[in-house]
Every structure is written in C-alpha cells, then in structure tokens.
Amino acid sequence: AVLSATALRLFASRDQARARLTELAEGRRFALVLSESLDWPPAPGRGIAWQWLPDATVLLADGERLALIEPQRVTSSHSQDLLRGCGAVEGIPASGIVGPGGSENALRFIAHAQVASAAALVGAMAGALELSVAYASEREQFGRKIGSFQAVRHFCADMLVDLESSRSALYGAAWAVDHLDAKQG
C-alpha cells in the first residue's frame, strides 16, 4: 500500500492518482512491478508484480510515469516469501525505463521504498521481541521460568536496545525523506 500510494502520488496524473488512491483507501489491492531481482525500476521484458494477488491492480512505474498492466499479462509466480504473493509480468516496454538516478521523482520513490522496507523490518523486530519475552515468561527449566535467568534477561534487553535504536533510525530516515531534497541522497 505504501509503495503503490507513493508511485501514484509521484508518477500518476492528478486525476489518475485521485481515483486510484480512493480505490486504495477503500481496500482495493495494488501490486507494483519490480525487476526479477526485486530492483526498481524494472528492466524491459519481464518483471515481478510484488505482493500480487489475482484481484490486484498492477502498476508499472518507470520513474517518469505510471501505467496500469492488463490482468492477462500477469500470471502467478512462485515466491520464496510465503507472506507475499508474486506475479510474473510479461512484456514490459523498453521506452521510458529510467535508472535510479534518472529523475527527482525516481529518487524520491526509492527513498520512500527504503523507508517502507526499514519500517517492515522494525515491525518484524518488535514482533520477535514480543514473542521472545512471552516465551521466556512461560517456559520453565529447572523448575523456574527461563525469564528469571540473567543470561536470558540480557538477551531480551539487548533485543530491546537494538529495536529502539532501529526505531529511532527509522524515524530519522522517515523525517529525512519528507524534508530533504531528493538529490542529497
């Protein structure tokens, strides 16, 4: 949703963005086309519709404009990530594909994508910490909860420090994406 909304805001016409963002807010699924190695922008030829489901609207953003991919050009594809579906996209046109250094909007898109990826990782860290603390509070060894052992408490404390440091770095990166010039990196 974050990458699709960002692509719509940066690469779509005002009317197209308004209509599609309304659909996104109403729960319509969107998938963004990446290269087969999950880089952006996709190379001409074949790509991957990231987080694709059969009912998703597939967006191809090339760094300058946005196009909708016809559903018949997307087929189900195997993914190692069991949480995110992928679709194979055939026939990506060569015209208009720009590299990451191509336009200011392309640089902004990449920055937003990096922050969104970092946010997902920080969320995964928070979930892992929560599960670890819950497990340490329930699991018993030698007649005591393992959370009472100093070594286990230190591991959980180290996880909390790593999580909060990562969260602070994420907040700084998100602020920078919103406030700094895209050309500054």
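Details of the structure are given in the entry above.
For clarity, every value in this text was computed on a predicted model and none was experimentally measured. (Residues numbered from 1 in each chain as written. Predicted model: local features only at pLDDT ≥ 70, side-chain atom pairs only at ≥ 80, totals over all residues. Heavy atoms only, no water.)

Caption draft 1: Broad picture of the overall build of the chain. On a plain count of helices and strands, the chain comes out with four helices and eight strands. Each helix and strand of the chain, placed in order from N terminus to C terminus, yields the pattern α-α-β-β-β-β-β-β-α-β-β-α. For the chain, whose C-alpha radius of gyration is 20 Å, the value lies well above the compact-globule estimate of 16 Å for 185 residues. By its C-alpha atoms, the chain is 65 × 40 × 30 Å across when sized along the principal axes. The burial tally for the chain puts 30% of its 185 residues in the buried class. Across the chain, contacts joining residues at least 24 apart in sequence account for 60% of those joining residues at least 6 apart. Surface exposure of the chain reaches about 11100 Å², of which carbon and sulfur atoms provide 57%. In the chain, the 17 positive side-chain charges and the 20 negative ones have mean positions that sit 3 Å from each other. (Helix = DSSP H or I, 4+ residues; strand = E, 2+ residues; numbered from the N terminus. Rg over C-alpha atoms; globule rule 2.2 N^0.38 Å. Buried < 20%, exposed > 50% of the residue type's maximum accessible area, 1.4 Å probe, protein only. Contact = heavy atoms within 4.5 Å. Areas by Shrake-Rupley, 256 points an atom, 1.4 Å probe, with all protein chains shown as cover. Lys, Arg positive; Asp, Glu negative; His and termini not counted. Charge placed at Lys NZ, Arg CZ, Asp CG, Glu CD.)

Caption draft 2: Summary view of the packing of aromatic side chains. Counted under the stated rule, the structure contains three aromatic pairs. Plain terms: the ring middles of Phe11 and Trp40 are 5.9 Å apart, the flat faces sit at 25° to each other, and that makes the pair stacked. Taken as a pair, Phe11 in helix H1 (residues 2-11) and Trp40 in the loop between strand E1 (30-34) and strand E2 (45-50) lie far apart in primary sequence, 29 residues in all. On the basis of relative accessible area, Phe11 is assigned to the buried category, the value being 6%. A centroid spacing of 4.6 Å and a plane angle of 50° characterise the contact between Trp40 and Phe109, whose relative ring orientation is tilted. A residue pair is termed long-range when its members are at least 10 positions apart, and Trp40 in the loop between E1 and E2 and Phe109 in helix H3 (residues 104-138) qualify at 69 residues. Taken together, the ring pairs in this structure connect Phe11, Trp40 and Phe109 into an aromatic cluster. (Phe/Tyr/Trp six-rings, centres within 6.5 Å; stacked < 30°, edge-to-face > 60°.)

Caption draft 3: Representation of the pattern of salt bridges in the model. Tallied over the entire structure, the rule returns six salt bridges. A salt bridge links Asp15 to Arg18; its shortest N-O distance comes to 4.0 Å. Taken together, the residues span about one helical turn, with Asp15 and Arg18 both in helix H2 (residues 14-25) at a distance of three residues. Assigned by exposure class, Asp15 and Arg18 land together as exposed. With a shortest N-O distance of 3.5 Å, Lys145 and Glu140 are connected by a salt bridge. Salt bridges sharing partners connect three or more residues here, namely Arg20, Glu23 and Arg28. (Salt bridge = Lys/Arg side-chain N within 4 Å of Asp/Glu carboxyl O.)

Caption draft 4: Here's a closer look at the nonpolar core. Core analysis: the biggest nonpolar cluster contains 16 residues, and Ala7, Phe11, Leu32, Trp40, Ala61, Leu66 and Phe109 have the highest contact counts within it. At the level of secondary structure, the elements contributing two or more residues to this core comprise H1, H2, E1, strand E3 (57-61) and H3. Among the elements that take part in this core, H1 stands out by supplying four residues, more than any other. With sequence-adjacent residues up to four places away left out, Leu32 is seen in contact with Leu3, Ala7, Ile48, Ala49, Trp50, Leu59, Ala61 and Phe109. (Core = buried A, V, L, I, M, F, W, Y, C linked by side-chain atoms within 4.5 Å.)

Caption draft 5: Highlighting the layout of surface pockets. For the largest pocket, the calculated volume is near 780 Å³. Along the wall of the largest pocket there are 29 residues; nearest its centre are Leu3, Trp50, Ala113, Ala116 and Ser117. A per-element tally of the lining of the largest pocket places H3 first, with 10 residues. (1 Å grid on protein atoms, 1.4 Å probe; cavity = no way out; pocket = protein on both sides within 12 Å on 5 of 7 lines; lining within 4 Å. Points joined across faces, edges and corners; volume = space filled by probe spheres on them.)

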